[in-house]
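What the coordinates show
Read off the chains here:
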Amino acid sequence: MTDPRDLLFSLFAVFTVACALGVVLNRNAVASALSLLLCLVGVAGLFALLDAFLLAVLMVFVYAGAVVALFLFIIMLLDVKGGERKPFGAATVVAGTLAVGLLTTGVLTVARAATPAKDAPQLVAQNFPKLKDYAELLFTQYLLPVQVVGFLLLIAMLGVIVLSKRHEGLEDIK
Amino acid sequence: MSTIAEYYFGLPLLLRMVLQGTAVILVLFPAAAACSMAERKISAWIQGRPGPNRTVAPFLAWIPGISILRNLGLFQLAADGGKFTFKEDPVPGHVNKFYFILAPIVSMIPALTTVAVVPLGAYISNGQLLPIILADVDVGLLAVFAVSSLGVYSIILAGWASNSKYPFLGSVRASAQLVSYELSMTLSVLPVFLWINAPGEHGTLNLFDVVQKQSGTGFAWDSVWFAAYMPVSAFIFLVALFAETNRQPFDMPESEADLVGGFHTEYGAFKWSLFFVAEYCHMIVGSGVFCLLFLGGWNPLPGLPLALLADWLGIAGVPLLTGLLGIGIFAGKVASFIFFFMWVRWTLPRFRYDQVMNIGWKKLLPLAIANLVFYALAIAVIQK
Amino acid sequence: MAVITVERKPLTFAERTYLPQIAGGLKTTLKHFFAPNDTLEYPEQRPAIPPGYRGVPTLVYDPHGREKCVSCQLCEFVCPPKAIRITPGEIPAADASAHVEKRPQEFEIDMLRCIYCGLCQEVCPEEAIWLQNQYSTTGYTRADFVNNKQKLYELGGTLPDPHLKWDKKLAAEQHGNAH
């Protein structure tokens, strides 16, 4: 643990996990959203430790900067009261256990399939692609997936618009 | 001199970084405070008043010529600072105390962090132009956007923790407004980076490289600043900058006419002043970014780069002097830009909230997209 | 009642962009930025008082230094807010102006009541009470705002009145043709 990178990694990792727990365990919706924000910042820190500055910055820019702000906007708009959340019911426990089980299985599978080399961080640091490489891959090899994902998001957005406008013609709204 | 430099460069990297960061903060913080005084003076002059010109420290009053400083409100600034530091700092009973106190602290983080990736000037060492910057990363501008976008949380937190309706409305407005204008802002700078990342060059989002592309000599193509090549981009960026820094005519979160004081209604004393220092820091950094992107950074005039001016003055061989020259020119541009901010503030009435949203989504964003498409095509043709 | 419907012209494109108007506004404010200040820096610079200004009511002496007030109490009677309180007194026989017979022993005007209406000045047959240029009254207590006789004469000073009515009266009386 003499390498400052290791120390920083442990710090960020503990911080991220603690904040992630905070998201789930906080009774207050706004506090949860803020924990999510800190969690994302922690993840960005982990990326930065890997010299993946672009990913770190995008993490902060897109998720921390915009998405969580919108979360908070919605929470405040709907005025979700703190403390209203019910304690965990049976369904929640089952779903939670299932999710944790699936996640563990997934992580274990990936870990077993590709055992990382001992000096993985160094390797990653050396070979981490520059901004331009990202851009090139996004516009060549992965152009179709990117467009498909964008289209999916567009559909989701349209869906939201349709759903939120649903009551417009009804008499009882007037 | 050189021994000090040697001693300094002998220090551990981490300590040096901390020292540099502290130095920048020590400059930025008073600069932001000075902006508040500049705002008061400029508003006064525009309104035909002298502005604050009475305060003077009694033990300095005898010095001849001190009245110039007094008339400029310098001592008023110190008195204000003292007042904000020492006056009672009330915490209303109905607030969510933890987040209420957290909010002003959070507001300082993005305000003081963004400056790390903004080059503050340039110096010439061994005939080579180098940036004066805290963290020279190739994601440059993206990092500025990313960190400054966190500034909205202090406003959201403040409004929510205040647990009262006007601050709450202010913070709801802030969260929607800042996200809306971020889009146009980001889209508006894309043409600049499309242009400087010409085929065959290494990809960069670094602000220093942007200025390098505006440092041509004489009547060369690259001696014209980007504000002339891309006026629409500059305009959109400017408008979005006003919105992002919550300045008039876009100061919806504050909007004292309809929201009392907006998000900071419940704040007072030092916590309140932190919000304002943060706002001015955002303004300074935002103006700096605008100058770098569109107004040639530290180049004194179009066609007259810093290196040439240093040659003319005969100081090209002294890195320290060239650095000071670069910082001076850049600071001058930023200062005049901040004057522009204030000039606009004391000229325009505030938009209504629906107008703000209309401008953001229905006018600025389509304009930014059209602008991007136009320049993408134009640049593709030119750089083919 | 003819109602004229004003046709509201639709905004032009330039107007809808706000920009020409903003530029015009900026030009105006810039002009004011460089224009000289309109403000008066008050304690050092004082405003020019127009003639006929109604400031604090004061009492005046005539050019010979005689109190003009004869304590007839008309002002006390006419004062709408009842700010004036006069204690009349007799002029002792030894005094040079003993023929005037009366002068105020005490004359108080409560400036917290005074409404600066000027009726006292209007009603005074002796032209002894004047609303002059003094406009700033300050004090720490309520008592500070009650101007007594001494204060009133201090504020009022001497009226350069060439008529000297009471001297003429005295002279006429001494010559036996009182009226």
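A brief look at the structure comes next. (Residues numbered from 1 in each chain as written. Chains lettered and ligands numbered in written order. Predicted model: local features only at pLDDT ≥ 70, side-chain atom pairs only at ≥ 80, totals over all residues. Heavy atoms only, no water.)

Helix and strand counts for chain C come out as six helices and five strands. Reading the secondary structure of chain C in the N-to-C direction produces α-α-β-α-β-β-α-β-β-α-α. Relative to its length of 179 residues, chain C is extended, with a C-alpha radius of gyration of 28 Å against a globular reference of 16 Å. Dimensions of chain C, computed from C-alpha atoms along their principal axes, come out at roughly 95 × 50 × 35 Å. Expressed as a percentage of the 179 residues in chain C, the buried residues total 28%. Pairs at least 24 apart in sequence give 70% of the contacts found in chain C among residues at least 6 apart. Positive and negative side-chain charges in chain C, numbering 20 and 22 respectively, have mean positions lying 9 Å apart. (Helix = DSSP H or I, 4+ residues; strand = E, 2+ residues; numbered from the N terminus. Rg over C-alpha atoms; globule rule 2.2 N^0.38 Å. Buried < 20%, exposed > 50% of the residue type's maximum accessible area, 1.4 Å probe, protein only. Contact = heavy atoms within 4.5 Å. Lys, Arg positive; Asp, Glu negative; His and termini not counted. Charge placed at Lys NZ, Arg CZ, Asp CG, Glu CD.)

Looking now at the interface of chain A and chain B. Taken together, the contact pairs 25 residues of chain A with 28 residues of chain B. At the junction of chain A and chain B, the tally comes to zero salt bridges. Here chain A and chain B share zero residue pairs in polar contact (both at pLDDT 80 or more) between them. When contributions to the side of chain A that touches chain B are tallied by element, the ones reaching two or more residues are α2 (29-49), α3 (53-78) and α6 (131-139) of chain A. (Salt bridge = Lys/Arg side-chain N within 4 Å of Asp/Glu carboxyl O. Polar contact = N/O pair within 3.5 Å; in protein donor to acceptor, adjacent residues only side chain to side chain.)

All names here are of chain C. Judged by pairing direction, the sheet is antiparallel, and its three strands sit side by side in the order β2-β3-β5 without closing on themselves. Lying at the two open borders of the sheet, with one neighbouring strand each, are β2 (84-90) and β5 (146-147). Here seven bridges tie β2 to strand β3 (residues 102-110), and the two strands are oriented antiparallel to one another. By the bridge assignment for β3, Gly 89 is matched with Arg 103. (Pairing = 2+ DSSP bridges.)

Here we take up the interface of chain B and chain C. The interface is formed by 20 residues belonging to chain B together with 17 residues belonging to chain C. Summing both partners gives a buried area of about 1,600 Å² for chain B against chain C, and 66% of it is carried by carbon and sulfur. At the boundary of chain B with chain C, the tally comes to two salt bridges. At the junction of chain B with chain C, the criterion picks out seven residue pairs in polar contact (both at pLDDT 80 or more). When contributions to the side of chain B that touches chain C are tallied by element, the ones reaching two or more residues are α2 (13-46), α15 (319-345) and α16 (353-382) of chain B. At four residues, the largest contribution of residues to the side of chain B that touches chain C is made by α15 of chain B. In terms of residue class, the side of chain B that touches chain C is built from 13 nonpolar, four polar and three charged. (Buried area = accessible area lost by both parts, 1.4 Å probe. Nonpolar A, V, L, I, M, F, W, Y, C, P; charged D, E, K, R; others polar.)

Our focus in this paragraph is the environment of Trp 225 of chain B. All names here are of chain B. Note that Trp 225 resides in the loop between α9 (207-212) and α10 (226-229). C-alpha separation for the pair Trp 225 and Cys 291, spaced 66 residues apart in sequence, amounts to 9.7 Å. Dropping the residues within four chain positions of it, Trp 225 is found in contact with Gln 214, Phe 294, Leu 295, Gly 296, Asn 299, Pro 300, Leu 301, Pro 302 and Lys 333.

A word on α2 of chain A. For α2 of chain A, built from 21 residues, the straight-helix expectation of 30 Å at 1.5 Å per residue is met to within 8% by its first-to-last C-alpha distance of 30 Å. Asp 51 of chain A occupies a position one or two residues after α2 of chain A and carries a positive phi of about 65°. (Expected span 1.5 Å × (residues − 1).)

A complete count under the given rule lists 15 salt bridges over all chains for this structure. The closest approach of N and O atoms between Glu 279 of chain B and Arg 247 of chain B, which form a salt bridge, is 3.7 Å. Separated by 32 residues along the polypeptide, Glu 279 of chain B in helix α13 (residues 269-294) and Arg 247 of chain B in the loop between α11 (231-244) and α12 (256-259) bring together distant segments of the chain. Like Arg 247 of chain B, Glu 279 of chain B is buried. Ionic pairing is found between Asp 161 of chain C and Lys 68 of chain C, a salt bridge with its closest N-O pair at 2.7 Å. Here Asp 161 of chain C, found in the loop between α5 (149-156) and α6 (165-174), pairs with Lys 68 of chain C, found in the loop between β1 (57-59) and α3 (74-78); they are 93 residues apart in sequence, far enough to count as distant. Lys 68 of chain C sits in the buried class, given a relative accessible area of 4%. If you follow the salt bridges from partner to partner, you end up with Glu 39, Arg 247, Glu 279 and Arg 345 of chain B in one network.

Any functional reading would require information beyond the geometric quantities listed.
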